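Chains, contacts and geometry: an overview
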Amino acid sequence: MTDTTEIVPVVSTGRFAGLREFWHYFSQSRGAVLGLVVFILLILVALFAPWIAPHDPTEQYKQFFLAPPAWDPGGNPQFLLGTDPVGRDILSRLIHGARFSLLIGAMVVVLSVVGGIVLGLVAGYFRGWVDVVIMRVMDLILAFPPLLLALVLVTVLGPGLVNAMLAIALTLQPYFARLVRGSVMAERNREYVTSARLAGAGHFRLMLVTILPNCLAPIIVQATLSFSDAILNAAALGFLGLGAQPPTPEWGTMLANAREFIQRAPWVVTFPGLCILVTVLAINLIGDGLRDALDPKLKRS
Amino acid sequence: MLRYILNKLALIVPTLIGITICAFGFVRLLPGDPILALAGEHGVTPERYEQLKVQFGFDRPIWEQYGHYIWDALHGDFGVSISTHRPVVTEFLALFPATVELSLCAIIFAILLGIPAGIFAATRRGTVVDQGLMGTALVGYSMPIFWWGLLLIIFFSGYLHWTPVSGRIDVQYFFKPVTGFMLIDSLLSGQKGAFHSVVMHLILPTIVLGTIPLAVIARQTRSAMLEVMGEDYVRTARAKGLKARRVIGLHALRNALIPVVTTIGLQVGVLLAGAILTESIFAWPGIGKWMVDSIYKRDYVVVQAGLLLIALIVMGVNLLVDVLYAVVNPRIRVQ
């Protein structure tokens, strides 16, 4: 769905030429633009959660527990999407939950990107035994299924949102290290790098200022995919009771005890999962669009 | 070819050692006292503590402990479960077939639907069909499968009453495991209705576990087909006047399948991670549920062994995929 009609090459000049060209390719895909719109809406919901949410997310309305959604005959217009087993407003919890999911995604991506860039740059730039050691450790992390590794790490660190984020960041970071290392190795013997070196640039300047900006495109695409991965895995940890702890209104955690209510109160189960799906889908749509827009190899196809 | 395999094996050795160090170190990194964690006891007397210390070998230097750990593991001794007091290996071997059976069904489901969907989308590139299929695939790829499982249970078990909610077979059937695969064992038992019960229990977990691999395979097949269909030999085949179906089926598909096979192989890690969630939802008695339950029960002997064994399985399968890939694609071998 990302490749639509023929692509007209654009030649634009001026200060924002690069950005405008990028937007031209990105907006070719309707899905990507839709994903971006949904994502921006989610950010707004997360930012203004306390003002949008009709109720406090942890307030328990004891007389209204397991109230069905408002459109149901037994529903209460006060609780638009119904209430959970202890009488908390599900809509308010979902709105506040957007904060956690976006925070998790952003934190995990920052941690894993920074870690991956540092390790990848060092490995690809210096080569030799440093490279061997770093890449073998990355292989080791990749040998474990990510969710299993995150589970075990959380067992060691203790359950909780912060530890879950650290664990997930560690499982995602090798992809960045590999990517950066590969790009650095492709770039480091190019002429512009040699000339910068001859001009007297030090190791740090060469790595960070000269080489790194030219490896950014694949990193951005991978970061988008990791963002959605992080949200999914954090929700899975929450679902298993090892991520964010109750009463935190994290979407996965909201599903943790939902199993007992699937017959009696399906709305308790339906909405949190739907939020996870929509968020992850929006980010993946953006990711697909970014890949098509940034990857020159795929641009024609 | 042999040289390629040996090369791959040599690369694996450091990872292999790393995995054992991780599993060995896991217990020693646990919060609290590792000796008490391993024994599953607390509030013990100093004498008992000394006894446990010797029993688990914590009185010896760390490298000797590691050596012992490796020696035991090589002899198939992964300790005794704290909660069931049975050897971990025995438990693993009893539960592993359940996970393999489910994973095989899931991957077969994913292949049978994913490859045709990918081909279909590629041959109708840019149409509504293509966009619809790929949109669906992206939804599948973005699916929180633990929620997907619950939804399917609500609809097919709760509302339609078509499928059972959990387990591998109805309780009224009982037979001794022969192969460990219920599909085969139920047929061997000769009990009426047993096979049908097994199939009904398998349907929902198969769909849930197969969803993400299905989406990945469909997307990969489509892009591989599109790439191959632009190649000269496909154009030549077309120009020779061959029928579209023959060109796609014979010339394009054969070459497009090479990267798809690799993708399928790489799904093993995805399947094992997915098994943790799927088995938890459907109370499926496999190693995924075993691992999660053991974490809840603080049965760290089991977690340690499971970590090691699962990593070894993933690595073994990945090696097999690499070798198979080299067999079908000679260009890889010379690199």
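Above this text is the structure in question.
Starting afresh in each chain, residues are numbered from 1 along the sequence in its written order. Here every chain gets a letter starting at A, and every ligand a number starting at 1, in the order they are written. Local features are withheld for residues below a pLDDT of 70 in this predicted model, meaning they are given only at 70 or higher, and side-chain atom pairs are given and counted only at 80 or more; totals for whole chains, interfaces and linings count all residues. The side-chain figures draw on all heavy atoms in the structure; neither hydrogens nor water molecules are used.

1. Digging into the overall build of chain A
In plain terms, the rule: Working definition: helices are DSSP H or I runs of at least four residues, strands are E runs of at least two. Numbering for both runs from the N terminus. It only takes one pair of heavy atoms within 4.5 Å for two residues to be counted as in contact.
Per the secondary structure count, chain A includes twelve helices and zero strands. Helices and strands in chain A line up, N terminus first, as α-α-α-α-α-α-α-α-α-α-α-α. Reported as C-alpha extents along the three principal axes, the dimensions of chain A are approximately 75 × 50 × 30 Å. A sequence separation of at least 24 residues applies to 68% of the contacts in chain A between residues at least 6 apart.

2. So, the pattern of salt bridges
Residues and elements named next belong to chain B. Short version of the rule: The term salt bridge refers to a pairing of a side-chain nitrogen on Lys or Arg with a carboxyl oxygen on Asp or Glu at a separation within 4 Å. Each residue is placed in one exposure class: buried if its accessible area under a 1.4 Å probe, protein chains only, is under 20% of its type's maximum, exposed if it is over 50%, and partly exposed if it falls in between.
Counting across every chain of the model gives 16 salt bridges over all chains. The salt bridge involving Glu-91 is made with Arg-86; its shortest N-O contact spans 3.6 Å. By relative accessible area, Arg-86 is classed as partly exposed at 40%. In this structure, the salt-bridge partner of Asp-293 is Lys-289, at a minimum N-O distance of 2.9 Å. Of this pair, Asp-293 and Lys-289 are both found in helix H12 (residues 287-296), four residues apart, which corresponds to roughly one turn of the helix. The exposure class of Asp-293 is partly exposed, given its relative accessible area of 25%.

3. Quick notes on the nonpolar core
We count it as follows: We define a nonpolar core as any set of buried Ala, Val, Leu, Ile, Met, Phe, Trp, Tyr and Cys residues linked to one another through side-chain atoms lying within 4.5 Å.
If you look at the biggest cluster of nonpolar residues, it comprises 147 residues, and the most contacted ones within it are A:Leu255, B:Phe26 and B:Phe146. For this core, the element with the highest residue contribution is helix H4 (residues 90-126) of chain A, accounting for 14 residues. A:Leu255 has contacts with A:Phe239, A:Val268, A:Val269, A:Pro272, A:Gly273, A:Ile276, B:Phe146, B:Trp147 and B:Leu150, leaving out every residue within four places of it along the chain. Of all hydrophobic cores here, the second largest spans 31 residues; its members include B:Ala110, B:Met225, B:Ala237 and B:Val260.

4. Remarks on the packing of aromatic side chains
This is how it is decided: Only rings of Phe, Tyr and Trp enter the pairing, Trp through its six-membered ring, and a pair is recorded when the two centres are within 6.5 Å. The plane angle decides the type: under 30 degrees is stacked, over 60 is edge-to-face, the rest tilted. Counting as a charge over the ring demands two things of the Lys NZ or Arg CZ atom: a distance within 6 Å of the ring centre and an angle within 35 degrees of the ring normal.
Following the criterion strictly, the structure yields 16 aromatic pairs over all chains and no others. Here the aromatic rings of A:Phe239 and B:Phe146 are separated by 4.8 Å at their centres, their planes lie at 25 degrees, and the arrangement is stacked. Here the residue A:Phe239 occupies a position in helix H10 (residues 216-239), and B:Phe146 occupies one in helix H7 (residues 145-159), the pair thus bridging two chains. Note on accessibility: A:Phe239 and B:Phe146 belong to one class, buried. Put simply, the rings of B:Phe155, B:Phe156, B:Tyr159 and B:Trp162 touch in pairs and so form one group of aromatic residues. Its end group placed over the ring of B:Phe24, B:Arg28 keeps NZ or CZ at 3.9 Å from the ring centre. In this structure, B:Arg219 packs its charged tip against the face of B:Tyr141, placed 5.4 Å from the ring centre.

5. Re the layout of surface pockets
Residues and elements named next belong to chain B. Defined as follows: Only protein atoms enter the 1 Å grid used here. Points where a 1.4 Å probe fits but cannot escape make up a cavity, open sets with protein on both sides within 12 Å along at least five of seven lines make up a pocket, and a residue lines them when an atom lies within 4 Å of a point. Grid points are joined across faces, edges and corners, and a volume is the space filled by probe spheres set on the points. Here the term charged refers only to Asp, Glu, Lys and Arg, the term nonpolar to Ala, Val, Leu, Ile, Met, Phe, Trp, Tyr, Cys and Pro, and the term polar to all other amino acids, Gly among them.
What the second largest pocket holds in volume is close to 690 Å³. Together, 25 residues line the second largest pocket, and Leu-38, Gln-55, Phe-56, Gly-79 and Val-80 are the ones closest to its centre. Of all the secondary-structure elements, those providing two or more residues to the lining of the second largest pocket are helix H1 (2-29), helix H2 (34-39), helix H3 (46-55), helix H4 (62-74) and helix H13 (300-328). Broken down by element, the lining of the second largest pocket gets its largest block of residues, five residues, from H4. Classifying every residue of the lining of the second largest pocket by side-chain character gives ten nonpolar, eight polar and seven charged.

6. Notes on empty space enclosed by the protein
Residue and element names in this part refer to chain B. Under the counting rule described, the total for this entry stands at one cavity of 30 Å³ or more. What the largest cavity holds in volume is close to 40 Å³. Taken together, Pro-164, Val-165, Ser-166, Gly-167, His-201, Leu-204, Pro-205, Phe-282 and Trp-284 make up the full set of residues lining the largest cavity. In terms of residue count, helix H9 (residues 194-229) provides more of the lining of the largest cavity than any other element does, three residues in total. Residue classes in the lining of the largest cavity are distributed as six nonpolar, three polar and no charged.

Structural measurements only, silent on function.
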